[in-house]
Each structure stands twice: as structure tokens, then as C-alpha cells.
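Breakdown of the fold
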Amino acid sequence: GQSLEQPSEVTAVEGAIVQINCTYQTSGFYGLSWYQQHDGGAPTFLSYNALDGLEETGRFSSFLSRSDSYGYLLLQELQMKDSASYFCAVRDWNTDKLIFGTGTRLQVFP
Amino acid sequence: GAVVSQHPSWVICKSGTSVKIECRSLDFQATTMFWYRQFPKQSLMLMATSNEGSKATYEQGVEKDKFLINHASLTLSTLTVTSAHPEDSSFYICSAKRGSGHEQYFGPGTRLTVT
């Protein structure tokens, strides 16, 4: 099975940089994805790491280390609108199911 | 492209009644659709996976007779919550995937409140 753990909550101020970690125990997966979800909304795709290393997409970057069973999402130049929940997720290569992490609620303060 | 819609966006029903939620892929054919449930301040929990024309595969602990899933076509899947109870009140989110790609597209969700 798959198990992905994240910190429950992170706070930061506008303009700052924040890192949201994701540690996992899996039986095999294709890659690590990150999703953003605002209250009452659907998850929206942010980033995907198929291979180890850093992927950069604008203010957001994501990192994966399969040897360490670890990944993170890095958010730079934080804005108030970044206040949301963030989920890491893996697609199980046996079942093709997308399994979500426990989620991290980010609060950005002025 | 890759838009998934859900209907209704919210519904209130009385205990004991059934509610049907529709999920449509608007501009692509979804080979696989997934149904998730999310309780407040919690993560998305996969309920079931459905492929067009096949019976849905339910996750452990999800009652298949209570949560009926029909994937009638490559663009439509429905979730029917039968004999709903207050503990079924939750945010139900469908998601669709096309082919073997890794991207999965999410609907806007349906908030179900059972009184």
C-alpha cells in the first residue's frame, strides 16, 4: 500500500519562502505529484516529478528523492492567494490509483 | 482542455433518501474515472475506480451497495448514495484520466449534506 505523510499546518508571511515536505512509504509508484486545494474547491495540479531532482514551474518548485522516500514542494514569493491546502500524491504502478498524502494547510499572513 | 464537471455542486437531502451525483468529462474521453470523498480538514480518500462498461472497483471499507457507481460511457460516471445518513455528509469529488498518462483531472466537487 501507499502512505504519504505531510505536516498538518505551515504558516508564513507574504514574500517569504516555504517548503512543504512529503515522506512516503510505497510499494512502487510512477511519480510524485503536488496539488493545491482552496477551501470548498477541487484539487488543482501543480507539479509532477517522475525522476529524482528539482522541477521548477514559476514560483513553485518540487523535488523528489526516491532513495530517501522524500519529496517537497517549495513556494517562493508567497502571496495571500497561496493560502490553501497542499497535497502530495503518488500513482501506484500496480493499481494506477492516485493516492493522496495527509495534506498541509498553508496560511500566509500579511 | 481536460475539463471535468460535476452536478449538482451541492445537495441537501433527508436521511433515508438517495442522491445521484453526475461526473462528466467535457472535452475528452475518460478511460478511467475515480470517486473520492473528503471530510472537513482531511485528505481525499479514494472510494472507487471505474472503467467504462465495467463494474467499479471499491476501496476497502467502502460499501458497494451503498455507493453505486455506474460508468455508462467514456464521458459519464454517476455515484448514487443510497439510503443516505448524516454520516455520509461530505465533499464528493470525481476525477478522470485518459489513457495511460499520469495526469488526472478533477471535477469541482459536490457537497452533500444529509439532514
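That block above? That's the structure.
Summary of the structure given here. Per chain, residues are indexed from 1 in the order of the written sequence. Whichever chain is written first becomes A and whichever ligand is written first becomes 1, with later ones labelled in order. In keeping with the predicted nature of the model, local features appear solely for residues at pLDDT of at least 70, side-chain atom pairs appear and are counted solely at 80 or more, and the whole-chain, interface and lining totals rest on all residues. With hydrogens and water excluded, all non-hydrogen atoms of the structure serve as input to the side-chain values.

Description of the overall build of chain B
Inclusion rule: Where helices and strands are cited, they refer to DSSP runs of H or I of at least four residues and of E of at least two residues respectively, numbered from the N terminus. Put simply, the radius of gyration uses C-alpha atoms, and a globule should come to 2.2 Å times the residue count raised to 0.38. Residue burial is assigned from relative accessible area. The probe radius is 1.4 Å, only protein chains are included, and a residue is buried under 20% of its type maximum, exposed over 50%, and partly exposed in between. In this count, Lys and Arg are taken as positive residues and Asp and Glu as negative ones, while His and the chain termini are left out. All charge positions are set by atom: Lys at NZ, Arg at CZ, Asp at CG, Glu at CD.
Scanning chain B from N- to C-terminus turns up zero helices and eleven strands. Compactness check: chain B gives a C-alpha radius of gyration of 13 Å against a globular reference of 13 Å for 115 residues, within 12% of the reference. C-alpha extents for chain B along the principal axes are approximately 40 × 25 × 25 Å. A burial count over chain B gives 50% of its 115 residues as buried. Once the 11 positive and 9 negative side-chain charges of chain B are each reduced to a mean point, those two points are 3 Å apart.

What to know about the state of the cysteines
Just so we agree on the cut-off: Any cysteine sulfur atom paired with another within 2.5 Å is treated as part of a disulfide.
Under the counting rule described, the total for this entry stands at two disulfides over all chains. A sulfur-sulfur separation of 2.1 Å characterises the disulfide bridge that pairs A:Cys22 with A:Cys88. Residues A:Cys22 and A:Cys88 are joined by a disulfide whose S-S torsion is about 75 degrees; by sign, that bridge is right-handed. With A:Cys22 in strand β3 (residues 18-25) and A:Cys88 in strand β9 (residues 84-92), this pair connects stretches of sequence that are 66 residues apart. No difference in accessibility class separates A:Cys22 from A:Cys88, as the two residues are buried. A sulfur-sulfur distance of 2.0 Å marks the disulfide that ties B:Cys23 to B:Cys94. Taking the sign of the torsion about the S-S bond as the criterion, the disulfide between B:Cys23 and B:Cys94, at about 75 degrees, is right-handed. Of this pair, B:Cys23 sits in strand β3 (residues 19-25) while B:Cys94 is found in strand β9 (residues 90-97), placing the two residues 71 residues apart along the sequence. There is no disulfide at B:Cys13, and the cysteine sulfur nearest it, in B:Cys94, is 18 Å away. Residue classification places B:Cys13 among the buried positions, given a relative accessible area of 8%.

Considerations on the packing of aromatic side chains
All names here are of chain B. Note the cut-off: Between 30 and 60 degrees the pair is tilted, below 30 it is stacked and above 60 it is edge-to-face, where a pair is any two Phe, Tyr or Trp rings, Trp via its six-membered ring, whose centres lie within 6.5 Å.
Inspection of every chain in the model, using the stated rule, returns 14 aromatic pairs over all chains. An angle of 40 degrees between the planes, with centres 6.4 Å apart, marks the rings of Phe 67 and Tyr 92 as tilted. Here Tyr 92 lies in strand β9 and Phe 67 lies in strand β7 (residues 67-73), a separation of 25 residues in the sequence. Here Phe 67 matches Tyr 92 in class, with each residue buried.

Quick notes on unusual backbone geometry
The step from B:His7 to B:Pro8 runs through a cis peptide bond, and the omega angle for that step is 0 degrees. Positive phi, close to 50 degrees, is recorded for A:Ser69, a residue that is not glycine. Located in the positive-phi region is B:Lys41, a residue other than glycine, with phi close to 60 degrees. Using a relative accessible area of 78% as the deciding quantity, one classes B:Lys41 as exposed.

Re the sheet that holds strand β1 (residues 3-5) of chain A
All names here are of chain A. Here is the rule: At least two DSSP bridges between two strands are required for those strands to pair. Every angle, taken between N-to-C directions, lies between 0 and 180 degrees, and every axis is a line fitted to C-alpha atoms, over only the stretch in contact when it is a helix.
Strand order in the open sheet formed by five strands is β1-β3-β8-β7-β6, with antiparallel pairing between adjacent strands. Edge positions in the sheet fall to β1 and β6 (53-57), since each has one partner strand and no second. Strand-to-strand twist of the sheet, defined as the mean angle between neighbouring strand axes without regard to direction, takes the value 20 degrees. Judged from the six bridges that link them, β3 and strand β8 (residues 70-75) form a sheet pairing that is antiparallel. Looking at β8, one finds that Gln 19 is bridged to Leu 74.

Focus on the interface of chain A and chain B
Counted only if it meets this: Contacts were defined at the residue level, with two residues in contact if any of their heavy atoms lie within 4.5 Å. The term salt bridge refers to a pairing of a side-chain nitrogen on Lys or Arg with a carboxyl oxygen on Asp or Glu at a separation within 4 Å. A 3.5 Å cut-off defines polar contacts: any pair of N or O atoms within that distance qualifies, except that in protein one atom must be a possible hydrogen donor and the other a possible acceptor, and neighbouring residues in sequence count only when both atoms are side-chain atoms. Residue type decides the class: Asp, Glu, Lys and Arg count as charged, Ala, Val, Leu, Ile, Met, Phe, Trp, Tyr, Cys and Pro as nonpolar, and the leftover types, Gly among them, as polar.
The interface is formed by 17 residues belonging to chain A together with 20 residues belonging to chain B. Taken together, chain A and chain B are joined by two salt bridges. Two residues, A:Lys97 and B:Glu59, come together in a salt bridge whose shortest N-O distance is 2.4 Å. At the boundary of chain A with chain B, the tally comes to six residue pairs in polar contact (both at pLDDT 80 or more). Secondary structure elements with two or more residues in the side of chain A that touches chain B: β4 (29-37), β5 (44-49), β9 and β10 (98-100) of chain A. Sorting elements by how many residues they give to the side of chain A that touches chain B places β10(A) first, with three residues. Residue composition of the side of chain A that touches chain B, grouped by class: nine nonpolar, five polar and three charged.

Considering the pattern of salt bridges
This structure, assessed with the given rule, holds seven salt bridges over all chains. Across the pair B:Lys66 and B:Asp88 runs a salt bridge, and its minimum N-O distance is 2.9 Å. Taken together, the residues B:Lys66 in the loop between β6 (57-58) and β7 and B:Asp88 in the loop between β8 (76-81) and β9 connect sequence positions 22 residues apart. Among the residues examined, B:Lys66 registers a relative accessible area of 11% and is labelled buried. With a relative accessible area of 5%, B:Asp88 lands in the buried category. One connected set of salt bridges, linked through shared partners, spans A:Arg91, A:Asp96 and B:Lys97.

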